[in-house]
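# Coordinate analysis (summary)
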Amino acid sequence: TLLPPASAAPTAAQVQKQVNELRDEAASKYEAANGINFHISKLQRELNGLKAGEAAANAKAASLKSEISKMAVENYKSGGLGNGLELMLSRDPAKYLSDAAMLDILAQRYSTKLRQLNTYKQGLQSSQLVVSDRAAQLKAAQIRLEKQVAAANANVAKAEKLLASLKAEERAKLLAADDADQAKILAESKRLAALYAGGSTKGAAALKFALNQLGDIYVWGAAGPTRWDCSGLTMRAFQAAGVSMPHFAAAQFRFGKSVPRSALAPGDLVFFGRPISHVAIYLGNGKMVHAPRPGKRVEVSTLSLGRKPFVGARRL
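Residues numbered from 1 in each chain as written. Predicted model: local features only at pLDDT ≥ 70, side-chain atom pairs only at ≥ 80, totals over all residues. Heavy atoms only, no water.

## Things to note about unusual backbone geometry
Backbone torsion omega between Gly224 and Pro225 reads 0°, so that peptide bond is classified as cis. Pro275 follows Arg274 through a cis peptide bond whose omega is -5°. Relative to the helices and strands, Pro275 resides in the loop between strand E4 (269–272) and strand E5 (278–284). (Helix = DSSP H or I, 4+ residues; strand = E, 2+ residues; numbered from the N terminus.)

## What to know about the environment of Glu299
Following the sequence through the fold, Glu299 ends up in strand E7 (residues 299–302). Every residue in contact with Glu299, bar those within four places of it in the chain, is listed here: Ile185, Ser189, Leu214, Met288, Val289, His290 and Pro292. One polar contact links Glu299 to Lys296, side chain to side chain, over a distance of 3.2 Å. (Contact = heavy atoms within 4.5 Å. Polar contact = N/O pair within 3.5 Å; in protein donor to acceptor, adjacent residues only side chain to side chain.)

## A word on the pattern of salt bridges
In this structure the tally under the stated criterion is 9 salt bridges. Residue Arg23 pairs with Glu160 through a salt bridge whose shortest N-O separation is 3.1 Å. Within this pair, whereas Arg23 is found in helix H1 (residues 12–77), its partner Glu160 is found in helix H5 (residues 111–165), the two being separated by 137 residues in sequence. Close ionic contact of Lys296 with Glu299 constitutes a salt bridge, the shortest N to O distance being 3.2 Å. (Salt bridge = Lys/Arg side-chain N within 4 Å of Asp/Glu carboxyl O.)

## Details of the side chain of Arg293
By secondary structure assignment, the location of Arg293 is in the loop between strand E6 (287–290) and E7. According to the relative accessible area criterion, Arg293 is buried, its value standing at 10%. Reaching out from Arg293, the side chain makes a polar contact with the side chain of Asp24 at a distance of 3.2 Å. (Buried < 20%, exposed > 50% of the residue type's maximum accessible area, 1.4 Å probe, protein only.)

## Notes on the packing of helix H7 (residues 202–211) against helix H8 (residues 230–240)
At a closest axis distance of 7 Å, the pairing of H7 and H8 adopts a crossing angle of 125°. The orientation of H7 relative to H8 falls into the category oblique. You can see that H7 and H8 cross each other, and the crossing is right-handed. Where H7 approaches H8, its residues Lys202, Gly203, Ala206, Phe209 and Ala210 are matched on the opposing element by Leu233, Arg236, Ala237, Phe238 and Ala240. In the contact of H7 with H8, the residues fall into 7 nonpolar, 1 polar and 2 charged. (Axes fitted to C-alpha atoms, helices over the stretch in contact; angles between N-to-C directions. Parallel < 35°, antiparallel > 145°, perpendicular 65-115°, else oblique. Left-handed = near helix turned anticlockwise from the far one by under 90°. Nonpolar A, V, L, I, M, F, W, Y, C, P; charged D, E, K, R; others polar.)

## Points about the sheet that holds strand E8 (residues 310–315)
Taking strand neighbours across the sheet as the criterion, the 6 strands line up as E3-E8-E4-E5-E6-E7 in an open arrangement whose pairing is antiparallel. The open sheet is flanked by strand E3 (257–258) and E7, the only strands paired with a single partner. Bridge count between E6 and E7: 4 bridges; the pairing is antiparallel. Note that in E7 the partner of His290 across the bridge is Glu299. Relative to E7, helix H6 (residues 168–195) is tilted by about 85°, and along the sheet it contacts E5, E6 and E7. The strands touched by H8 are E4, E5 and E6; relative to E5, the strand with the most contacts, the crossing angle is about 55°. (Pairing = 2+ DSSP bridges.)

## A word on the pairing of E8
Side-chain direction in a regular strand flips from residue to residue, so the side chains alternate between the two faces of the sheet. Strand direction decides the pairing type here: E3 and E8, joined by 2 bridges, are antiparallel. Directly across from Ser258, in E8, lies its bridge partner Arg314. The sheet contact formed by E4 and E8 spans 4 bridges and is antiparallel. What sits directly across from Phe272, in E8, is Phe310.

## Some points on the environment of Ala26
Within the secondary structure, Ala26 is located in helix H1. Taking C-alpha positions, Ala26 is 8.9 Å from Val149, a pair spaced 123 residues apart along the chain. Apart from the residues lying within four places of it in its own chain, the contact partners of Ala26 are Ala152, Asn155, Val156 and Pro294.

Such coordinate-based values are descriptive only and should not be taken to indicate function.
Below, the structure is given as structure tokens:
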């Protein structure tokens, strides 16, 4: 019986290519996780506001109940309304007021307060439904976040497993070559950064900040002081220039004004991927500064991101 030929083990170069692709995919997934975090923060703010409004409405309703009860007691004591104390026990002012005879008696003293109380109760019921809905959305978003981060972490773990599959000698050579490549990129990045003259715009100030972070490592969700992901770096860079933006590339794309690629200037934000999954700051002469992906450091590179297309630029 003939045995099937064994498939050849991938070369170190092929493994490195696969590792880079896995890390690129991980970076996209991490940025998508930033988007879910952005959505979670928005939902949490809405939920907090709704709960605060609910508490205020409850307090107002309690105050109205107290006022109505006091009015009823006073009316009872004066002999004007023998069953006025029922108001203290009534859970449904609208039903109580439906009695035509009572409506005639209470029209002047109680109807306004009771209508107000009923309005607050109806508002509370609506608010409770919205609170419940936002809480459900928040829980669902947190589950999506966990899955997205797990998927990104799986990419990174798979990349590490591929590297570990190499023979010790091959792995050592590959790591040494990668270290040398990173050192070369950093030296060139610093050379290009030194050529930047600066400027007086917000973009120029942000660019200067980003260039000062050259060599810092990429870490998902990080926004300084020495670790960054792509949108964490741009967020802090523009914060230093006096502009507040969220930690999410696609949300940053809504800031400032659109700039065509042909009119790019130093300090413009540049975006990549459909959907948007990466952001960098344009340096000039076809170069940009960014935090690329896991396994890389903040660097200056060409205005290109492989399979992720350039999708636009914004000037703040």
